[in-house]
Amino acid sequence: QVQLVESGGGLVQPGGSLRLSCAASGSIFSINAMGWYRQAPGNKRELVASITMTGTTNYADSVKGRFTISRDNAKYTVYLQMNSLKPEDTAVYSCNAETTDRSSWFRVDYWGQGTQVTVSS
């Protein structure tokens, strides 16, 4: 199994920046990709950004040009650099790891506990 620990959330003014971190441990070899999702009250959870373990990235249209996802393979950590933050970015951000269970070969998703990002003046 995989454990995910998130950090970096907080309160920031519009136009400010935050960097989220997600450290993975456990069956790291089984991870195919990692990503950041977010969910605001009353909204469905949506993909913000994802990155494969070989470096291919994908972003939601709403954050392109403002957010950057990156990885540090040596530390098994992914980051989400968030710049030019807007009030509509306010949400609980959760780290996700897509894995292949090596016993069943089923796809298994793991989630961090979530970290609150609030953008407000």
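Residues numbered from 1 in each chain as written. Predicted model: local features only at pLDDT ≥ 70, side-chain atom pairs only at ≥ 80, totals over all residues. Heavy atoms only, no water.

A.B. asks: Is there a simple way to explain the overall build of the protein chain in this structure?
C.D. replies: Of the regular secondary structure elements, the protein chain holds 0 helices and 11 strands. Of the regular secondary structure in the protein chain, the N- to C-terminal order runs β-β-β-β-β-β-β-β-β-β-β. Expressed as lengths along the three principal axes of its C-alpha atoms, the size of the protein chain is roughly 50 × 30 × 25 Å. Within the protein chain, the proportion of its 121 residues that are buried is 41%. As displayed, the protein chain offers around 6500 Å² of accessible surface, 48% of which is attributable to carbon and sulfur atoms. Here the protein chain holds 11 positive side-chain charges and 9 negative ones, and the gap between their average locations is 3 Å. (Helix = DSSP H or I, 4+ residues; strand = E, 2+ residues; numbered from the N terminus. Buried < 20%, exposed > 50% of the residue type's maximum accessible area, 1.4 Å probe, protein only. Areas by Shrake-Rupley, 256 points an atom, 1.4 Å probe, with all protein chains shown as cover. Lys, Arg positive; Asp, Glu negative; His and termini not counted. Charge placed at Lys NZ, Arg CZ, Asp CG, Glu CD.)

A.B. asks: Help me out: how do you make sense of the sheet that holds strand β1 (residues 2-7) in this one?
C.D. replies: Hydrogen bonds between backbone atoms are what pair the strands of a sheet, whose relative direction is either parallel or antiparallel. In spatial order, the strands read β1-β3-β8-β7; together these 4 strands make up an open sheet with antiparallel pairing. Every other strand in the sheet has two partners, leaving β1 and β7 (67-72) as the edge strands with one partner each. Neighbour-to-neighbour, the strand axes of this sheet turn through a mean angle of 15°, independent of strand direction. (Pairing = 2+ DSSP bridges. Axes fitted to C-alpha atoms, helices over the stretch in contact; angles between N-to-C directions.)

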